[in-house]
Amino acid sequence: MITLDGVMQAPGGPEEDPSGGFNYGGWVAPYSDEVSGKIVQKEMQPADYLLGRKTFEIWADYWPKHENVWPGINEGTKYVMSTTMKTSDWKNSVFLESLAEIKTIKQSDGADIHVWGSSQLIQLLLENDLVDELRLKIYPLTLGKGKKLFGNGPIPAAFTLSESVVTPSGVIIAYYKRAGEVKTGTMGG
């Protein structure tokens, strides 16, 4: 979930992540509609997850008690990138400390790994060409400040649009699959 200017901080609610004086938590709520709700339900199928520590803490405080909303969330493996957190009571939580551990998991046989939120982690993955697909929900607003999807600038990479829809409330939902290197050329030639 990102804004037109790439902000991804605290889409779910005011208390989700007010760090840095962010006052716009919950910015997705006014754009909820039946179409986006069905797409989110589809994305909430059981999976494994790679999360940054802050996102994990938010999730671990909420999801173990709300599996009725997201069936399978407790069974999926939650890989948590953190140098400070080592354990959690939330079952199936595995703590990672290095990029090398993420690469090992990515190269292993197993379920696809989904990353939700986790702005710093996503930037690390983009900088190291470890993203196979971006699933973006682009909301029709700008916030100016806040944690951004492309804050540090990813490595140059090409993507191909594999699926898209525009919701009645104006949210563009676009899935992009990694498509190799950036190609250049001349327009009109």
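Residues numbered from 1 in each chain as written. Predicted model: local features only at pLDDT ≥ 70, side-chain atom pairs only at ≥ 80, totals over all residues. Heavy atoms only, no water.

For the protein, an unreviewed UniProt entry supplies the name Dihydrofolate reductase and the organism Larkinella arboricola.

## With respect to the sheet that holds strand S2 (residues 48–52)
Two strands in a sheet stick together by hydrogen bonds in their backbones, pointing the same way (parallel) or opposite ways (antiparallel). Ordered by their spatial adjacency, 4 strands build an open sheet running S4-S3-S2-S5, and the pairing between neighbours is parallel. The two strands at the open ends of the sheet, each matched to only one other strand, are strand S4 (93–96) and strand S5 (113–114). As defined by bridge partners, strand S3 (residues 78–81) adjoins S4 across 4 bridges and the pair is classed as parallel. The residue bridging Met81 from the neighbouring strand is Leu96, located in S4. Contacts from helix H2 (residues 53–62) reach S2, S3 and S4 within the one sheet, and its direction differs from that of S2 by about 115 degrees. (Pairing = 2+ DSSP bridges. Helix = DSSP H or I, 4+ residues; strand = E, 2+ residues; numbered from the N terminus. Contact = heavy atoms within 4.5 Å. Axes fitted to C-alpha atoms, helices over the stretch in contact; angles between N-to-C directions.)

## What about the UniProt feature "domain: Bacterial bifunctional deaminase-reductase C-terminal" (unreviewed entry) in the protein?
According to UniProt, the "domain: Bacterial bifunctional deaminase-reductase C-terminal" (unreviewed entry) feature falls on residues 2–172. This span, residues 2–172, is 22% helix and 19% strand, and a straight line between its end C-alpha atoms measures 10 Å. (UniProt positions renumbered as here; feature names shortened; annotations may be inferred.)

## Focus on the pairing of S2
In summary, the side chains of a regular strand alternate between the two faces of the sheet. Burial of S2 is extensive: 5 of the 5 residues sit out of reach of the surface. In terms of strand pairing, S2 meets S3 through 4 bridges, oriented parallel. Looking at S3, one finds that Leu50 is bridged to Tyr79. This β-α-β element, S2 to H2 to S3, shows right-handed connectivity. (Buried < 20%, exposed > 50% of the residue type's maximum accessible area, 1.4 Å probe, protein only. Right-handed = clockwise from strand over helix to strand, strands pointing away.)

## Description of helix H4 (residues 119–127)
Looking only at H4, the buried set comprises Ser119, Leu121, Ile122, Gln123, Leu125 and Leu126. In this structure, the buried residues of H4 make contact with S2, S3, helix H3 (99–107) and strand S6 (133–139). Just past H4, the residue Asp129 takes up positive phi, approximately 55 degrees.

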